[in-house]
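Breakdown of the fold
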Amino acid sequence: MKLTYHGHSVVKIETNGKTIFIDPFITGNPLTDLKAEDVHVDVILLTHGHNDHVGDTVALAKQNDALVIAPYELATYLSWKGVRTHPMHIGGSFTFEFGKIKLTQAFHGSSYVEEDETIVYTGMPSGILFHAEGKTIYHAGDTALFSDMKLIGEMNDIDVAFLPIGDNFTMGPEDAAIAAKWLKAKIVVPIHYNTFPIIQQDPQQFVEMIGRVGRVLRVGESIEL
Ligand code: NI
Ligand code: MN
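Residues numbered from 1 in each chain as written. Chains lettered and ligands numbered in written order. Predicted model: local features only at pLDDT ≥ 70, side-chain atom pairs only at ≥ 80, totals over all residues. Heavy atoms only, no water.

1. Let's talk about the coordination of the nickel ion (ligand 1)
In this structure, His-48 (NE2), His-50 (ND1), His-108 (NE2) and Asp-142 (OD) serve as the protein donors to the nickel ion (ligand 1), at separations of 2.2 Å. Because the angles between the four donor atoms bound to the nickel ion (ligand 1) fall within 88 to 174°, the donor set is best described as irregular. Counting residues between consecutive donors of the nickel ion (ligand 1) along the chain gives the motif H-x1-H-x57-H-x33-D. If you look at the nickel ion (ligand 1) and the manganese ion (ligand 2), they sit 3.1 Å from each other and are both ligated by Asp-142. Pair noted here: His-50 is in the loop between β4 (43-45) and α1 (51-54) and His-108 is in the loop between β8 (99-105) and β9 (111-113), with a separation of 58 residues, a long-range link. Relative accessible area serves as the criterion here: at 25%, His-108 is assigned to the partly exposed category. (Donors = N, O, S within 2.8 Å, 3.2 Å for Na, K, Ca; no water. Tetrahedral: all angles 85-135°; square planar, octahedral: opposite > 155°, others 65-115°. Helix = DSSP H or I, 4+ residues; strand = E, 2+ residues; numbered from the N terminus. Buried < 20%, exposed > 50% of the residue type's maximum accessible area, 1.4 Å probe, protein only.)

In structure tokens form, the structure reads like this:
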């Protein structure tokens, strides 16, 4: 399995012959190294409806005939835009041909703003547990710190956890350091920082705070498991 960070909350997972993107915010993402028109993707996983997470989903899904997996309300809304979806919800898991996905809770909002400035509420936000090839990945989505991260850590042997550290909208570095301790992941990668001035953080300082499990991935950098 290969995991690549593409800036903000964009994580690419390559496993079992499939290319999977979590929260593919590419167009308008000042940090990413990707161009939407060049992206090949088989499956898109979305944590919530905010535009900096849904990103290029509709265009990418149409261009690649990719399956979009998202919380029910968001999946329904995106299906009306003509993409193929698989709705799920918090606490539910489903085994796909490429791996098993379970949605976890996240303390945040979930809405999509259309170009005409209509705001569409898209249900609950989520985190994602992804299992394939005997490995477990946790992408927390956008969330505050919550104590059930202890439970997630107890129930899952997490190999890599992607945690937001940007503060303001999500956990900041101090809270994310507590999350890292509770989740007991073997590797913790900070995400959702430095994309915008309001979420400016020093990821190096964060990984120093959490010790040897911390790992900053540069944009375009990968971890092989
Ligand atoms: Ni958000
Ligand atoms: Mn966000």
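2. Quick notes on the layout of surface pockets
Volume-wise, the largest pocket comes out at about 180 Å³. Around the largest pocket, the lining residues are Ile-90, Gly-91, Lys-102, Leu-103, Thr-104, Gln-105, Leu-129, Asp-148, Leu-151, Ile-152, Met-155 and Asn-156. Only β8 and α4 (149-155) provide two or more residues apiece to the lining of the largest pocket. The element that contributes the greatest number of residues to the lining of the largest pocket is β8, accounting for four residues. (1 Å grid on protein atoms, 1.4 Å probe; cavity = no way out; pocket = protein on both sides within 12 Å on 5 of 7 lines; lining within 4 Å. Points joined across faces, edges and corners; volume = space filled by probe spheres on them.)

3. Let's talk about the coordination of the manganese ion (ligand 2)
At this site the manganese ion (ligand 2) is bound by Asp-52 (OD), His-53 (NE2), Asp-142 (OD) and His-192 (NE2), with donor distances of 2.1 to 2.3 Å. We classify Asp-142 as buried; its relative accessible area is 2%.

4. A short note on the nonpolar core
Ile-101, Phe-130, Tyr-138 and Leu-163 are the most contacted members of the largest nonpolar core, which totals 50 residues. Here this core takes five residues from helix α5 (residues 173-183), the largest share from any one element. Those residues in contact with Leu-163 that lie beyond four places of it in its chain are Tyr-138, Ala-140, Met-171, Ala-176, Ala-179, Ala-180, Leu-183, Val-188, Val-189, Pro-190 and Ile-191. Membership of the second largest hydrophobic core comes to 24 residues, among which are Phe-21, Leu-60, Ala-61 and Leu-74. (Core = buried A, V, L, I, M, F, W, Y, C linked by side-chain atoms within 4.5 Å. Contact = heavy atoms within 4.5 Å.)

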